[in-house]
Amino acid sequence: MSTFGIVLFFLIAGMAFWLLFFLLGFIVPYWITLGVFEQLRPKRIFEEKNEKK
């Protein structure tokens, strides 16, 4: 039973490690890139007001 606990612990720790690896390697850079492009995109406030008239 002790071996099963150790294997289960390493299995859960390994899944947590790969999840963090995925988050830091793909999701966080993707999120930052979307934020940068959102900040660089020109605002269209004046164009929307002209279209309503």
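Residues numbered from 1 in each chain as written. Predicted model: local features only at pLDDT ≥ 70, side-chain atom pairs only at ≥ 80, totals over all residues. Heavy atoms only, no water.

Now for the packing of aromatic side chains. Counted under the stated rule, the structure contains six aromatic pairs. Look at Phe9 and Phe10: their rings are 5.4 Å apart centre to centre, the planes differ by 65°, and that puts the pair in the edge-to-face class. A relative accessible area of 54% places Phe9 in the exposed class. Three or more aromatic residues joined by ring pairs form one cluster here, namely Phe17, Trp18 and Phe21. (Phe/Tyr/Trp six-rings, centres within 6.5 Å; stacked < 30°, edge-to-face > 60°. Buried < 20%, exposed > 50% of the residue type's maximum accessible area, 1.4 Å probe, protein only.)

Applying the stated criterion to the full structure yields one salt bridge. Note that Glu38 and Arg41 form a salt bridge whose closest N and O atoms lie 2.8 Å from each other. Given the relative accessible area of 40%, Glu38 is considered partly exposed. Given a relative accessible area of 39%, Arg41 falls into the partly exposed group. (Salt bridge = Lys/Arg side-chain N within 4 Å of Asp/Glu carboxyl O.)

Don't take any of this as a statement about function, it's just geometry.
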